[in-house]
Amino acid sequence: MDSQSADTLTKHEQILRYIETLKLGSRISVRKIAKNMEVSEGTAYRAIKEAENQGLVSTKERIGTVRVEKKLRQNIDKLTFAEVVNMVDGQVLGGSRGLHKTLHKFVIGAMEQDAMMRYIEAGSLLIVGNRNRAHICALEQGAGVLITGGFDTSSEVKQLADKLELPIISSSYDTFTIASMINRAIYDRLIKKKIMLVEDILASGASLYALKANSTLKDWQRLSEDTGYSRFPVVDEWNRIIGVVTSKDMVGAGSLQTVEKLMTRSPLTVTPQTSVASAAHMMVWEGIELLPVVDTNRKMVGVLNRSDVLKAMQYIQKQPQNGETFEDLIWSGLEEVRDDKGALQFHGIITPQMTNHLGTVSEGVLTTLMTQAAYRIVQEHKKGDLVMDNMSTYFLKPLQIDSKIEIRPTIIEVSRKFGKIDVEIYHAGALVSKAMLTAQVI
């Protein structure tokens, strides 16, 4: 199962494989692909679009579709100039060949030119008004230029941008709005960067072990002895997942009995783009030890077992936080304290960001606070993460802006795989909200 022969691949997959073999920089056209692969132009067009989604090719203005190097997910925090153009509804005045280049920082040109140049370096973006001399200096430093206020620039600047292949962009937005939009986009990418996906933990080039529908008990025993595993996906002749078989399924089976009659049909699967947390939740919730990983055609590309997911979850917990989510921001204002008996509590103040249009705290925010308090107290007693099973919430009194609150979580029961927690929120000594949570422990 290490490799697939050409006769088990669809025309669509054969075209994708062909595109992967092309040299970087090769030009690609629908007509050329259709002719070389002996397929219809419609099939060729759909495959090229899929290749573009996968990052194998890129369509560039005045150039066409070109084979490019697939970007690693580690570069997700880098914005391209092309993304900036779309973000600010911009117009490219020159240097369109450099739109695919990435920028690592932006500089606002609200200072004297000499001072400004100290902050500009290759790979940065200068956000400035209609200051032609600043445009030229930035391009010569290897930086792109974004002109605010919808202004144009001189033909000299445009020619220099084309020569250096550095974009010069014009947008009708003001400097503050553009800076806010770019900053938000970079921040969102930092949050996405710390979310680990299934594709990040799949072993590259690892052998894929699977059984066929007509495999027998002897085949299962042989594969189990060779690999040390007892659970295997079952695939058809096209390498599509049709079931999963485990050692429990094989108990009492005859030596010539096929796995087709013993396997669990239509098993749960994940894709390479599924988050590891979602895969863990699925495994815990459904009580399964093995998850096949499939592509868009439901063909197997890998297998996840519980130990893979647990190792990844432990790795995630050790990573530094690069970008804060709204949940992180809500929780950051609370202080951890201990009462006279040493019980864990959390004290804080209701900020304007936590309220709804009536000026009272949002129910969603209160739910988030109680959930986070439950997580924190369980982590004190047991290493691991929680996957929420059920939450019964009671909102007893409204809380307004600047109210001081105390969150008091209490563990009712925590076992190796299960937890039950009671959480109460108090204001001025009165109970205002209460929740009972049950959760699985990963």
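That block above? That's the structure.
Keep in mind that what you see is a predicted model, and the values were worked out from it rather than measured.

J.: Report on the overall build of the chain, specifying residues and quantitative values.
T.: Secondary structure assignment for the chain yields 15 helices and 22 strands. Summed over its atoms, the accessible surface of the chain is roughly 24,300 Å², and 49% of this surface lies on carbon and sulfur atoms.

J.: Got a sec to walk through the sheet that holds strand β14 (residues 264-265)? Specific residues and values, please.
T.: Read across the sheet, four strands follow the order β11-β12-β13-β14 without closing on themselves; strand pairing throughout is mixed. Edge positions in the sheet fall to β11 (211-212) and β14, since each of these pairs with one other strand and no more. Strand direction decides the pairing type here: strand β13 (residues 241-245) and β14, joined by two bridges, are antiparallel. Within the sheet, the bridge partner assigned to Gly243 lies in β14 and is Arg265. Helix-sheet contacts for helix α10 (residues 217-227) involve β11, β12 (232-235) and β13, and the interaxial angle to β12 is about 135°.

J.: For the environment of Met196, give the residues involved together with the corresponding values.
T.: Within the secondary structure, Met196 sits in the loop between α8 (175-193) and α9 (198-201). The exposure class of Met196 is buried, given its relative accessible area of 15%. Separated by 77 residues in the primary sequence, Met196 and Gln273 place their C-alpha atoms 9.3 Å from one another.

J.: Report on the nonpolar core, specifying residues and quantitative values.
T.: Core analysis: the largest hydrophobic core is formed by 28 residues, its most contacted members being Leu369, Ile407 and Val423. Elements with a contribution of two residues or more to this core: α14 (326-332), β18 (344-349), α15 (363-381), β20 (404-414), β21 (418-427) and β22 (430-441). Sorting elements by how many residues they give to this core places α15 first, with eight residues. For Leu369, the residues in contact, after removing those within four places along its chain, are Ile330, Trp331, Leu334, Ile405 and Ile407. Of all hydrophobic cores here, the second largest spans 20 residues; its members include Met116, Val128, Cys137 and Val157.

J.: Could you give an account of unusual backbone geometry, with specific residues and numbers?
T.: In the Ramachandran plot, Glu38 falls in the positive-phi region, its phi being about 55° despite a non-glycine side chain. For Glu38, the position within the fold is in the loop between α2 (30-37) and α3 (41-53). Within the chain, Ser266 stands out as a residue other than glycine whose phi angle is a positive 45°. Along the polypeptide, Ser266 turns up in the loop between β14 and α12 (276-286). According to the relative accessible area criterion, Ser266 is exposed, its value standing at 62%.

J.: Talk me through the pairing of strand β9 (residues 144-147); I want residue IDs and the actual numbers.
T.: The two faces of β9 match: Gly144 and Leu146 on one face and Val145 and Ile147 on the other face are all buried. Of the pairings in the sheet, the one linking strand β8 (residues 124-128) to β9 comprises four bridges and is parallel in character. Within β9, the residue paired with Ile127 across the bridge is Leu146. For the crossover that starts at β8, traverses helix α6 (residues 132-140) and ends in the parallel β9, the hand is right-handed. One ladder, built from three bridges, connects β9 with strand β10 (residues 168-170); its direction is parallel. For Val145, the partnering residue across the bridge sits in β10 and is Ile168. On the question of chirality, the crossover connecting β9 to the parallel β10 by way of helix α7 (residues 155-164) is right-handed.

J.: For the sheet that holds strand β17 (residues 335-338), give the residues involved together with the corresponding values.
T.: What holds strands together in a sheet is hydrogen bonding between their backbones, with the strands either parallel or antiparallel. Read from one edge to the other, the open sheet built from six strands follows the order β17-β18-β20-β21-β22-β19, with strand pairing classed as antiparallel. Looking at the sheet topology across the chains shown, the edges are occupied by β17 and β19 (386-395). The mean inter-strand angle of the sheet, taken between neighbouring strand axes irrespective of direction, is 25°. Two elements, β19 and β22, share nine bridges in a ladder whose sense is antiparallel. Across the sheet, Thr393 pairs through a bridge with Ala435, a residue of β22. This element, α15, spans β17, β18, β19, β20, β21 and β22 of the sheet and lies at about 130° to β19.

J.: Lay out the packing of helix α1 (residues 11-21) against α2 with the relevant residues and their values.
T.: Look at α1 against α2: their axes get within 11 Å of each other, and the N-to-C directions meet at 110°. Taken as axis vectors, α1 and α2 run roughly perpendicular relative to one another. Contacts between α1 and α2 involve Lys11, Gln14, Ile15, Tyr18 and Ile19 from the first element and Ile33, Asn36 and Met37 from the second. In terms of residue class, the contact of α1 with α2 is built from five nonpolar, two polar and one charged.

J.: An account of α6 is requested, with residue identities and associated values reported.
T.: Those residues of α6 not exposed but buried are Ala134, His135, Ile136, Cys137, Ala138 and Leu139. Buried residues belonging to α6 abut α5 (113-117), β8, β9, α7 and β10. Count one or two residues on from α6 and you reach Gly142, which has phi positive near 90°.

J.: Could you give an account of the pattern of salt bridges, naming the residues involved and the relevant values?
T.: All told, the structure shown has twelve salt bridges when counted by the stated rule. Glu406 is the partner of Arg408 in a salt bridge, and the nearest nitrogen-oxygen pair spans 2.8 Å. Connected through shared salt-bridge partners, Asp422, Glu424 and Lys434 make up one network.

J.: Hey, could you go over α7 for me, with residue numbers and the actual values?
T.: Side chains that are three or four residues apart share a direction in an α-helix, a result of its 3.6 residues per turn. Three or more residues of α7 are buried, namely Val157, Leu160 and Ala161. Looking straight down α7, one finds its buried side chains confined to an arc of 100°; they lie on one side. In this structure, α7 carries Ser155, Glu156, Gln159 and Lys163 as exposed residues pointing more than 90 degrees from its buried face. For α7, the elements touching its buried residues are β5 (91-94), α6 and β10.

J.: Mind laying out the side chain of Ser124, listing which residues take part and the relevant values?
T.: By the secondary structure assignment, Ser124 is in strand β8. Taking relative accessible area as the criterion, Ser124 reaches 1% and is therefore assigned buried. When near neighbours in sequence (up to four residues on either side) are disregarded, Ser124 contacts Phe81, His104, Lys105, Ala143 and Gly144.

Analysis parameters
Residues numbered from 1 in each chain as written. Predicted model: local features only at pLDDT ≥ 70, side-chain atom pairs only at ≥ 80, totals over all residues. Heavy atoms only, no water. Helix = DSSP H or I, 4+ residues; strand = E, 2+ residues; numbered from the N terminus. Areas by Shrake-Rupley, 256 points an atom, 1.4 Å probe, with all protein chains shown as cover. Pairing = 2+ DSSP bridges. Contact = heavy atoms within 4.5 Å. Axes fitted to C-alpha atoms, helices over the stretch in contact; angles between N-to-C directions. Buried < 20%, exposed > 50% of the residue type's maximum accessible area, 1.4 Å probe, protein only. Core = buried A, V, L, I, M, F, W, Y, C linked by side-chain atoms within 4.5 Å. Right-handed = clockwise from strand over helix to strand, strands pointing away. Parallel < 35°, antiparallel > 145°, perpendicular 65-115°, else oblique. Nonpolar A, V, L, I, M, F, W, Y, C, P; charged D, E, K, R; others polar. Salt bridge = Lys/Arg side-chain N within 4 Å of Asp/Glu carboxyl O. Arc of directions from axis to C-beta.

Scope: geometric values only; no functional claims are made or implied.
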